[in-house]
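One-letter residues, chain by chain:
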Amino acid sequence: MPKKILRVNMTNLETKYEDVPEAYAVAGGRGLTSAIVAAEVPPDCHPLGPSAKLVFAPGLVTGTKAPSCGRISVGGKSPLTGGIKEANAGTNFAHAIAKLRIAAIIVEGQAKGGDYHLLKINKDGAELINANKWAGKGLYDTYKQILGEFGDKVNVCGAGIAAEIGGTMSGVCFSDPEGLPSRYAGRGGLGAVMASRGLKFIVADDTDAPGVEIANQEVFSAGIKKLVNALAAHDVTKPGGGLSSFGTAVLVNIINEAGGLPQRNFSAGSDDRSANISGETKAEEIKKRGGVRPHACNTGCVIRCSEVWVNPKGKEPVGVLEYESVWALGANCGIYNLDDVGELNRACNDLGVDTIEAGDTLAVAMEGGLADFGDGKGALKLLEEIRKKSPLGRIIANGTEFTGRALGVWRIPTVKGQGLPAYDPRAIKGIGVTYATTPMGADHTAGYAIATEIMGIGGQADPRDTKKSDLSRNLQLATAAIDASGYCLFIAFAVLDIPEGLEGVVESINGVYGTSLTVNDIGPIGQGIIDTELKFNKAAGFTTADDRLPEFLRTEPVPPTNEVFDVPDDEIDKVWGS
Amino acid sequence: MSVKVKLFGDLKKKSPQQTENIGAPTILTIENTGIERVMDVINKLSIEESEVSHIFVNHKYSGFRKSVKAGDTVALFPTNMSLLYKWYYPVDNE
């Protein structure tokens with residue numbers, strides 16, 4: 001049985017399986033979501049209107065025995081940025097969809113009468129079930145009830161209360177292995193695109209699923225062996241290494257020391273109190289309280305950077321507190337207390353919002369006088385306005401830019417309307433170029449990848465001497481290719497230093513598809529994806545004037561480095577050659 | 001005159017003095033006599049180059065040859081914490 005595309009028409013509540021077009025035969029993850037969005041979504045449509053669509057696609061090797069490959073991409077036109085969006089998450093939901101031999105799910109149309117539905121998918125097919133009973137409900141209780149109703153082996157995807165009010169900070173939420181609503185394709189408001197179709201949840205049951213077809217088992221096995229060896233050998237990715245010991249928040253102390261951990265709405269780049277919310281502190285607390293650390297966000301992950309954070313009594317499991325979340329809801333709001341951060345993260349998960357956008361929004365709200373910096377309880381109260389669907393809650397749910405404007409704040413850290421992640425572009429200028437130029441709006445993961453000289457794209461120069469435009473472009477191309485593969489970006493640490501690991505990645509893809517790709521094909525694959533995304537954004541009205549950081553980052557020196565973002569506009573514009 | 005050294009993660013074990021807060025660095029103050037570069041600092045603390053990943057001197061990403069003078073702060077991270085998007089960081093080795 002070959003892979004199929006599942007098309008879900010919400011207007012007439014019909015589902016059908018279609019053949020995968022030849023052009024998409026070796027496409028997955030971001031490569032497939034961006035291609036389908038570009039082909040089927042009018043760039044000038046309203047992201048919450050009738051012409052918008054939401055696309056899900058597991059990666060090229062997702063669902064196989066390859067290590068750390070449980071990623072699923074979600075794509076659409078973003079109501080936050082107005083451009084194309086791909087957000088991805090690590091979850092067993094991704095494996096389940098791939099094992100059911102579904103290359104992509106395309107959700108289109110809009111349900112009549114404001115009804116919400118749940119899409120149930122299993123080996124026998126797909127059906128839509130009324131889900132109105134879960135409207136207005138928090139996702140922790142809802143996911144528990146869904147698992148109770150459909151069996152605890154199923155995997156859940158959903159949109160929360162913020163999505164119901166069209167909130168542009170709403171994410172698409174996937175269940176973790178414990179069934180907690182904690183794995184987010186968070187960025188860009190795709191939750192609202194989902195809810196505005198009338199689709200609230202997807203339940204994927206892979207019981208007796210056929211599994212992923214492997215074209216050449218020998219090549220595949222040899223490839224994953226190389227990658228497993230690289231991941232097991234590298235200090236960052238191996239068991240007991242940095243990521244499994246401390247999680248992604250191991251970066252807190254590092255970026256703080258680099259002067260690039262934004263504090264109190266980007267008014268400083270370092271604060272000694274950041275140590276209180278560091279990965280090292282968090283790991284110790286989890287040990288004391290009885291949470292889980294390390295933890296795999298999906299079956300087959302050998303890096304295991306995830307965790308289950310719990311309250312001081314060992315109760316109310318939250319799921320993972322990622323670096324970006326700890327920063328956004330912590331240091332960026334002047335909050336240096338993990339209990340407050342944990343509570344805020346739980347509220348974000350329950351309401352269905354992106355923690356980065358939420359933290360940026362809360363910090364701007366604090367600057368606008370709605371709470372004091374450092375006031376964890378005040379920040380929680382602001383988020384809870386979303387649950388009430390109050391006018392203030394609707395403002396907050398619409399993110400950093402919207403909230404800043406509503407409050408007359410001019411220091412608004414966004415690019416293309418999307419809040420900046422946890423790296424101050426004044427202290428770390430290269431990432432500022434990526435924030436400015438990625439088709440996604442300010443996004444740290446867009447340039448998180450493999451070194452230029454190892455990948456062989458863009459020349460063999462010492463990457464540290466590379467002009468920032470070349471560096472950013474090459475990183476963005478490599479990242480786009482990884483986002484298509486289904487592998488977690490964190491494999492980059494190992495394959496960066498161990499070339500056999502990168503060969504293993506390519507060989508594993510060749511094994512699944514019977515292709516003969518080489519490491520040199522990675523750059524052109526990434527370029528193809530980005531070209532598609534840039535073309536969509538241009539048609540949606542974007543110009544180079546949108547590839548700029550906000551004024552305050554260009555004029556206001558950030559202590560302790562006292563740097564401003566001073567990369568010239570013409571250097572930024574060289575990234576995509578305009 | 002002295003140099004402030006901040007040891008993070010496993011490198012904290014290199015100091016007999018420990019901090020109560022597990023997430024905070026161990027902060028040492030060492031005499032700058034005989035110290036010209038980062039490599040002299042790590043030698044003085046019996047730390048091998050192979051045990052160190054990221055180095056910051058006064059918040060600037062630096063190499064082992066980066067000069068160190070009195071009043072500077074040198075922050076050292078162990079190899080299992082080498083998580084930076086290192087290509088974004090120009091290394092100061094002067």
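Residues numbered from 1 in each chain as written. Chains lettered and ligands numbered in written order. Predicted model: local features only at pLDDT ≥ 70, side-chain atom pairs only at ≥ 80, totals over all residues.

Chemist: So what exactly am I meant to see when it comes to the domain arrangement of chain A here?
Modeler: One frequently used descriptor of interface size is the decrease in accessible area upon assembly of the parts. Residues and elements named next belong to chain A. Here chain A is described as being made up of domain 1 (4–204), domain 2 (248–412) and domain 3 (440–489 + 514–573). Taking only C-alpha atoms, the centre of domain 1 and the centre of domain 3 are 26 Å apart. Listed per partner, the contact involves 32 residues of domain 1 and 20 residues of domain 3. Put simply, the parts of the chain that give the side of domain 1 that touches domain 3 at least two residues each are α1 (29–40), β4 (71–77) and β5 (84–90). At seven residues, the largest contribution of residues to the side of domain 1 that touches domain 3 is made by α1. Split into classes, the residues belonging to the side of domain 1 that touches domain 3 amount to twelve nonpolar, 14 polar and six charged. (Domains from an automatic or database assignment. Contact = placed C-beta atoms within 7 Å. Helix = DSSP H or I, 4+ residues; strand = E, 2+ residues; numbered from the N terminus. Nonpolar A, V, L, I, M, F, W, Y, C, P; charged D, E, K, R; others polar.)

Chemist: Help me understand the packing of α1 of chain A against helix α21 (residues 522–539) of chain A in this model?
Modeler: When two helices pack together, their arrangement is captured by the angle between the axes and the distance separating the axes. All names here are of chain A. Direction vectors running N to C along α1 and α21 enclose 30 degrees, while the axes themselves pass 9 Å from each other. As judged from the angle between their axes, α1 and α21 are roughly parallel. The hand of the α1/α21 crossing is left-handed. Residues R30, G31, S34, A35, V37 and A38 of α1 form the contact with α21, whose own contacting residues are I529, T532, E533, K535 and F536. For the contact of α1 with α21, a count of residues per class yields five nonpolar, three polar and three charged. (Axes fitted to C-alpha atoms, helices over the stretch in contact; angles between N-to-C directions. Parallel < 35°, antiparallel > 145°, perpendicular 65-115°, else oblique. Left-handed = near helix turned anticlockwise from the far one by under 90°.)

Chemist: When you look at the sheet that holds strand β2 (residues 14–19) of chain A in this model, what are you seeing that I'm missing?
Modeler: Across a sheet, strands are paired by hydrogen bonds formed along the backbone, either parallel or antiparallel in direction. All names here are of chain A. Strand order in this open sheet of six strands is β2-β1-β6-β3-β4-β5, and the pairing throughout is mixed. One side of each edge strand has no neighbouring strand; the edge strands of this open sheet are β2 and β5. Going from strand to strand, the sheet's axes swing by 20 degrees on average, the running direction of each strand aside. Of the strands in this sheet, β3 (53–58), β4, β5 and β6 (102–108) are in contact with α1, which crosses β4 at around 20 degrees. (Pairing = 2+ DSSP bridges.)

Chemist: Sorry, what's going on with the nonpolar core here?
Modeler: Core analysis: the largest hydrophobic core is formed by 203 residues, its most contacted members being I97, A104, M194 and I491 of chain A together with L76 of chain B. Here this core takes eight residues from helix α18 (residues 468–485) of chain A, the largest share from any one element. Every residue in contact with A104 of chain A, bar those within four places of it in the chain, is listed here: I5, L32, I36, V55, F56 and A57 of chain A. (Core = buried A, V, L, I, M, F, W, Y, C linked by C-beta atoms within 7 Å. Buried ≥ 20, exposed ≤ 12 C-beta atoms within 10 Å, placed from the backbone.)

Chemist: Got a minute to help me understand helix α13 (residues 376–388) of chain A in this structure?
Modeler: For an α-helix the count is 3.6 residues per turn, leaving residues at separations of three or four pointing the same way. Residue and element names in this part refer to chain A. Across its 13 residues, α13 extends 19 Å between first and last C-alpha, which sits within 8% of the 18 Å expected from 1.5 Å per residue. Buried within α13 we find G376, A379, L382, L383 and I386. Within α13, the buried residues cover an arc of 130 degrees as seen down the axis, which keeps them to one side. Counted as exposed and oriented over 90 degrees from the buried face of α13: K377 and K388. The secondary structure elements touched by the buried residues of α13 are α4 (161–164), α11 (338–351), α12 (355–367) and α14 (391–396). Taken from the residues just after α13, K389 is the one with a positive phi, measuring 55 degrees. (Expected span 1.5 Å × (residues − 1). Arc of directions from axis to C-beta.)

Chemist: I keep staring at the confidence of the model for chain A and nothing clicks. Help me out?
Modeler: Low pLDDT means the predicted coordinates in that region are not meant to be read closely. The predicted model of chain A has a mean per-residue pLDDT of 95, with 97% of residues at 70 or higher. Predicted confidence is poor over residues 450–465 of chain A, with pLDDT under 50, and the contacts of this stretch with residues over four places away or in other chains come to 39 contacts. (pLDDT = per-residue confidence, 0-100.)

Chemist: Explain the sheet that holds strand β8 (residues 125–130) of chain A here, please?
Modeler: All names here are of chain A. If you trace the six strands from one edge of the open sheet to the other, you get β8-β7-β12-β9-β10-β11, paired in mixed fashion. Whereas interior strands pair on both sides, the edge strands pair on one side only; in this sheet they are β8 and β11 (181–185). Between one strand and the next, the sheet's axes are offset by a mean angle of 25 degrees, whatever the strand orientation. The pairing of strand β9 (residues 155–158) with strand β10 (residues 172–175) spans two bridges and is antiparallel. Within the sheet, the bridge partner assigned to G158 lies in β10 and is C173. Set on the sheet, helix α2 (residues 92–99) makes contact with β9, β10 and β12 (199–204); between it and β9 the angle comes to about 105 degrees.

Chemist: Would you explain the packing of helix α6 (residues 217–233) of chain A against helix α20 (residues 499–513) of chain A in this entry?
Modeler: Residue and element names in this part refer to chain A. It is the contact of α6 with α20, at a shortest axis distance of 7 Å, that shows an interaxial angle of 150 degrees. As summarised for this structure, α6 and α20 are arranged roughly antiparallel, according to the angle between their axes. The handedness of the crossing between α6 and α20 is left-handed. Where α6 approaches α20, its residues Q217, V219, F220, A222, G223, I224, K225, K226, L227, A230 and L231 are matched on the opposing element by E500, G501, E503, G504, V505, E507, S508, N510, G511 and V512. The residue makeup of the contact of α6 with α20, split by class, is nine nonpolar, seven polar and five charged.

Chemist: I tried to follow the interface of chain A and chain B on my own but got confused; where do I start?
Modeler: Taken together, the contact pairs 29 residues of chain A with 24 residues of chain B. Those elements that provide at least two residues to the side of chain A that touches chain B are α8 (251–257), α9 (279–289), α16 (429–437) and α18 of chain A. Tallying contributions element by element places α8 of chain A first for the side of chain A that touches chain B, with four residues. When its residues are assigned to classes, the side of chain A that touches chain B shows 14 nonpolar, ten polar and five charged.

Chemist: Would you take a moment to explain unusual backbone geometry for this structure?
Modeler: The phi angle of most residues is negative, glycine excepted, and most peptide bonds adopt the trans form. In this structure, the amide linkage connecting R293 of chain A to the following residue, P294 of chain A, adopts the cis form with an omega of 0 degrees. Look at K416 of chain A: it is not a glycine, yet its phi comes out positive at around 55 degrees. Positionally, K416 of chain A belongs in the loop between β15 (414–415) and β16 (418–419). On the neighbour-count criterion, K416 of chain A (24 C-beta atoms within 10 Å) is buried. Its identity as a non-glycine residue notwithstanding, H59 of chain B has a phi of 70 degrees, on the positive side. Checked against the element boundaries, H59 of chain B lands in the loop between β3 (52–57) and β4 (60–62).

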